[in-house]
Structure formats: C-alpha cells, structure tokens
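# Observations on the model geometry
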Amino acid sequence: MIVVMNLDAGENEIKAVIDKLDEHGYCGHLIRGVARLVVAAVGSELGGVPPGLEVLPGVEKVVRIMQPFKLVSREVRPEDTVVRAGPLRLGDGFFSVMAGPCAVESREQLNEAAWAVRRAGAVGLRGGAFKPRTSPYAFQGLEKLGLEYLAQAGKETGLAVITEVVDPSNVEMVAAVADVLQVGARNMQNFPLLREVGKLRRPVLLKRGLSATVEEWLMAAEYILSEGNEQVILCERGIRTFETYTRNTLDISAVALAKRLSHLPVVVDPSHAAGQWRLVSPLSLAALAAGADGLLIEVHPDPARALCDGPQSLTPLHFTELMEELTALAAALGKQFVRGERVQ
Ligand code: PEP
Ligand code: MN
C-alpha cells in the first residue's frame, strides 16, 4: 500500500507514519516526487491497513497497490527515474548508448574498443571480466585483470564502465571499478546476488532472464530496491522462443510494457537478442522507437577474432553508422540523445 501524505507534511508526521507501519510489520520507504509525497509500505499485505493509519496527521489517503511489485511500480512513483553514471543519463527523455566488447580480452583490445565507441558517441563502456558461459570449457573472462583494464580504460576515456558481477562474494571487488554493475540474464533470479547489489548505492543494470516473464523481471528489480538501491536499469535482451534463426527473440512489447508498469529506465541489448550483427541496427532503431531509454551494444575491433560473441558484435565502422541513424531518429522522436564528445 502507499500512504499519500499532504505535500506540506512535516518530518514528525512522516516519522509517525513510518513508525506505525513498522509496528504492523511493514517497512516504510519515503518517496519524494515532484508533485507527491508518499510513504510506500513494503511487506506482506495480509495484515491489511494498520488501524488508525488513515487518520494520522499529514495523511491524505491510503491506497492499496494491486501489482505484486511495489517500489518499482509507477503507482508508487509516477515520474520516470533518471539513472546517471558519469556522462551516462537514462530515463525521463534521456537516451544513452553503452557499447564495447562482450569480454575484456586484453588491454589493447579493450582500449581500442573503448576509444572507438567513444569516438562514435557512446557514453558507457561495456566489457565482461567475469563471463557466465554455458560451457565450463569456454573462455571465462580475465577476472581481476579484466577489471584493472576496465578501470584504466574508463579513466582514460571518461566513459562510464558497465561490467557484470556473477557472484555475491565479488560484488565489492566489481563495485570498486564499475560505474554500473550488470546482473546477467542467467542471474536474474539469483536472490542473494540481487540483495547484495541492493545494498550498494550505485546503478545496477538488471537483464531480463532467458525465460522470465515481465512480472518476474520486475520482481527481481524489487529485490534490489527493497534493499535501498533505487538506481536500477531494466535491460531487455531477448527471450527464448521457438524461433531458431535468431539467438533469442527481442520482446519489443516488453519495453513498452515495462515503461508503463515501472518508473525505472528500460534499455535494450539488441546484440544478445539477435545473435547476428546484421540485425543489431534495425533492432536498435526499433527499441528507440518503442520507448527504450538506452542501448547496450557489443562492439569489437575485430569480431572475427573475438573470444566471445563475435558473430553478434558490430565493427567500429558499423557502430558509427548506427549512432548516426540513432541520432536522426532520436531527434525525430524528441528524445535527448546523450552523446559523448566527438574526439579524434
Ligand atoms: C553479456 O552482456 O555479455 C551477457 C552475458 O549477457 P546476457 O546475460 O544477456 O546473456
Ligand atoms: Mn556477450
């Protein structure tokens, strides 16, 4: 339920509401919007509305939330949440692109990719140091060394670093380097990991699971917000369907739906959806048109030699062409495309 407070409610009145919720087993989260002041009561609603809550001073009304997700819901926060990290800005009309290789392979490969995507206008650098691979025999990432290369490339280029964390015990190590921590599709329901990144005050990019419903995806985000971290970016990366021509099926309706149901920014990863580089540009444009707040794209200086996901990686040249198309479409849609400085 949410407790809608009078806009001029004082700190004592807010505290009395939170205390009453606490007595009845709820946790109250204060949310200050532009036009509303609400206390979201999170917890099992089996106990119903605490007696006397509605008549406490400063309380305008108490509203039950019908959705199972609470803190991520637009019912609780009608305005778009904007997530920022370095030059990156997502949500409320701001559109940004994060790009880079699937995996960090060497210092040279990462630097080359980082400068190429920055030149093209990306504001985020992606690159996996810990790779969750289907096969235990496939390249698992450079791990700590990969993080070091990312830190350096991020510092030199000024790009926000986005990298995946696969294990709750590594969250601290990854957070020392990452401006945005990625929780991958395979870990969308790794609840201990979600709780751990929820304790951070750093943006988390949460990928939709391979076969997850939109509701399961939003409930996973709820885990992160329920720990106090409100900076969550939802990422649609394609789901498993009967189609085999593409690696996954980009669920474009999930983008529009998640934007309706939640105030969190929604980005699309067209690379893992498509599995083939030729489809990355049309899917990226479709994502922007459907209301996505950003994109996460795999770019490799030499896709033919990539240790991971080469077939779906764009070359720097193709990525640059895509960025020009996105710029034109964003302008037509009235979106604010956050482009990095154009440097040589
Ligand atoms: C990735 O971004 O490289 C990745 C492993 O993605 P996903 O979790 O979507 O498969
Ligand atoms: Mn990949």
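Residues numbered from 1 in each chain as written. Chains lettered and ligands numbered in written order. Predicted model: local features only at pLDDT ≥ 70, side-chain atom pairs only at ≥ 80, totals over all residues. Heavy atoms only, no water.

For the rest of this paragraph, the subject is the domain arrangement of the protein. Domain boundaries in the protein define domain 1 (2-63) and domain 2 (83-337). Taken over C-alpha atoms, the centre of domain 1 sits 36 Å from the centre of domain 2. (Domains from an automatic or database assignment.)

Neighbouring residues of ligand 1: Cys102, Arg126, Lys131, Glu164, Gln182, Gly184, Ala185, Arg186, Lys207, Arg237, His272 and Glu298. Taking Arg126, its side chain carries an N or O atom lying 2.8 Å from an oxygen atom of ligand 1. Arg237 is positioned such that a nitrogen or oxygen atom in its side chain is 2.6 Å from an oxygen atom of ligand 1. (Near = heavy atom within 4 Å. Polar contact = N/O pair within 3.5 Å; in protein donor to acceptor, adjacent residues only side chain to side chain.)

A few words on the side chain of Arg339. Mapping Arg339 onto the fold places it in the segment after strand E15 (336-337). Given a relative accessible area of 19%, Arg339 falls into the buried group. Separated by 3.5 Å, the side chains of Arg339 and Glu324 make a polar contact. Not counting residues within four places of it along the chain, the set of residues in contact with Arg339 comprises Ala120, Gly121, Val123, Met323, Glu324 and Thr327. (Helix = DSSP H or I, 4+ residues; strand = E, 2+ residues; numbered from the N terminus. Buried < 20%, exposed > 50% of the residue type's maximum accessible area, 1.4 Å probe, protein only. Contact = heavy atoms within 4.5 Å.)

Okay, the coordination of the manganese ion (ligand 2) next. Around the manganese ion (ligand 2), the protein contributes the donor atoms Cys102 (SG), His272 (NE2), Glu298 (OE) and Asp309 (OD), at 2.0 to 2.4 Å from the metal centre. Mapped onto the polypeptide sequence, the residues donating to the manganese ion (ligand 2) form the spacing pattern C-x169-H-x25-E-x10-D. Taken together, the residues Cys102 in the loop between strand E7 (94-100) and helix H2 (107-120) and Asp309 in the loop between strand E14 (294-298) and helix H10 (316-333) connect sequence positions 207 residues apart. (Donors = N, O, S within 2.8 Å, 3.2 Å for Na, K, Ca; no water.)

Taken as a whole and judged by the stated rule, the model has one cavity of 30 Å³ or more. Each pocket or cavity is described by its volume, and for the largest cavity that value is around 30 Å³. Looking at the largest cavity, the residues that line it are Ile31, Gly33, Arg36, Val38, Val76, Arg77, Pro78 and Glu79. Of the residues assigned to the lining of the largest cavity, the class counts are four nonpolar, one polar and three charged. (1 Å grid on protein atoms, 1.4 Å probe; cavity = no way out; pocket = protein on both sides within 12 Å on 5 of 7 lines; lining within 4 Å. Points joined across faces, edges and corners; volume = space filled by probe spheres on them. Nonpolar A, V, L, I, M, F, W, Y, C, P; charged D, E, K, R; others polar.)

Exposure remark for Asp309: the relative accessible area of 16% places this residue in the buried category. In terms of polar contacts, Asp309 uses its side chain to reach the side chain of Arg247, at 3.1 Å. Here the side chain of Asp309 touches Gln312 through a polar contact of 3.1 Å, side chain to side chain. Discounting residues that sit within four places of it in the chain, Asp309 has contacts with Cys102, Arg247, His272 and Glu298.

Here we take up the pattern of salt bridges. Scanning the model with the defined rule gives 16 salt bridges in all. A salt bridge links Lys15 to Asp19, with the nearest nitrogen and oxygen atoms 2.8 Å apart. Remark: Asp19 and Lys15 occur in helix H1 (residues 11-23); sequence separation between them is four residues, near one turn of the helix. Lys15 sits in the partly exposed class, given a relative accessible area of 48%. When the shortest N-O distance is used, the salt bridge between Lys259 and Asp293 registers 2.8 Å. With a gap of 34 residues between them, Lys259 in helix H7 (residues 252-261) and Asp293 in the loop between helix H9 (280-290) and E14 connect regions that are remote in the sequence. (Salt bridge = Lys/Arg side-chain N within 4 Å of Asp/Glu carboxyl O.)

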